[in-house]
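So you can see what is in the structure, the chains are spelled out below.
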Amino acid sequence: KIHEAGLRSSIMILHGLGGEQLSAQHAENSARLVNAAGPALLSTLVVSFPLGDARFRETFPEFTPLSEPDGLLAEMEAFMAKLDVKRTVFRSDHNSNLLALAGSLPKDKEKLLAQIREVRGSGVRASF
């Protein structure tokens, strides 16, 4: 309905929110949401707890953070691989991200995936 009203939409995804236990599910369902919504702008951040995670763990005691960088990059890759949008500007350039990415989807999808795959497993925090 938002597109029918002539409005533009934006979605922000928090990588790592599902932790180790729900990472694959989080990547898949986040991509499904984005695909259904077809936003004009899509961006990602990495979940962080600058003041500690005690309060979060009270509600989700089984939460185990994703390993850095491998777990987060694997989730980023799974998410990106499942995206199927038509005209979306993608940005993953916040300081919380392990890898700064920018492009237009679907045009730059393979380039973005290649950048993720290049860094994945290297243990290097990269910026492009």
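Source: prediction; values computed, not measured. (Residues numbered from 1 in each chain as written. Predicted model: local features only at pLDDT ≥ 70, side-chain atom pairs only at ≥ 80, totals over all residues. Heavy atoms only, no water.)

Undergrad: I'd love a proper account of the nonpolar core, names of residues and values included.
TA: With 24 residues, the main nonpolar core has V34, L42, F79, M80, L83 and L105 as its most contacted residues. Within the residue set of this core, elements represented by two or more residues are β1 (10–15), α1 (19–37), β2 (41–46), α3 (70–82), β4 (101–105) and α4 (109–119). At five residues, α3 tops the list of elements feeding residues into this core. In this structure, L42 is in contact with I11, I13, V34, F79, L83, T88, V89, F90, R91 and L105, ignoring residues within four places of it in sequence. (Core = buried A, V, L, I, M, F, W, Y, C linked by side-chain atoms within 4.5 Å. Buried < 20%, exposed > 50% of the residue type's maximum accessible area, 1.4 Å probe, protein only. Helix = DSSP H or I, 4+ residues; strand = E, 2+ residues; numbered from the N terminus. Contact = heavy atoms within 4.5 Å.)

Undergrad: Provide a residue-level description of the environment of L83, including the pertinent values.
TA: By secondary structure assignment, the location of L83 is in the loop between α3 and β3 (88–92). Exposure remark for L83: the relative accessible area of 4% places this residue in the buried category. Along the sequence, L83 and A24 sit 59 residues apart, while their C-alpha atoms lie 14 Å from each other. Discounting residues that sit within four places of it in the chain, L83 has contacts with A31, V34, N35, L42, L105 and K109.

Undergrad: Lay out α1 with the relevant residues and their values.
TA: The largest bend in α1 amounts to roughly 35 degrees and is located at Q25. Check the buried side of α1 and you find it contacts β1, β2 and α3. Directly after α1, the chain includes G38, whose backbone phi takes a positive value near 55 degrees. (Bend = angle between axes of the 7 residues up to and from the residue.)

Undergrad: Describe the sheet that holds β3, and please don't skip the residues or the numbers.
TA: The four strands lie next to each other as β1-β2-β3-β4, forming an open sheet whose pairing is mixed. If you trace the sheet from one side to the other, it starts and ends with β1 and β4, each paired once. Within this sheet the neighbouring strands show an average axis-to-axis angle of 15 degrees, counted without direction. The sheet contact formed by β2 and β3 spans three bridges and is parallel. Bridging from a neighbouring strand, L41 pairs with V89 of β3. Each of β1 and β2 is contacted by α1, which is oriented at about 175 degrees to β1, the strand it contacts most. Packing against the sheet, α4 makes contact with β3 and β4, and its axis sits at approximately 155 degrees to β4. (Pairing = 2+ DSSP bridges. Axes fitted to C-alpha atoms, helices over the stretch in contact; angles between N-to-C directions.)

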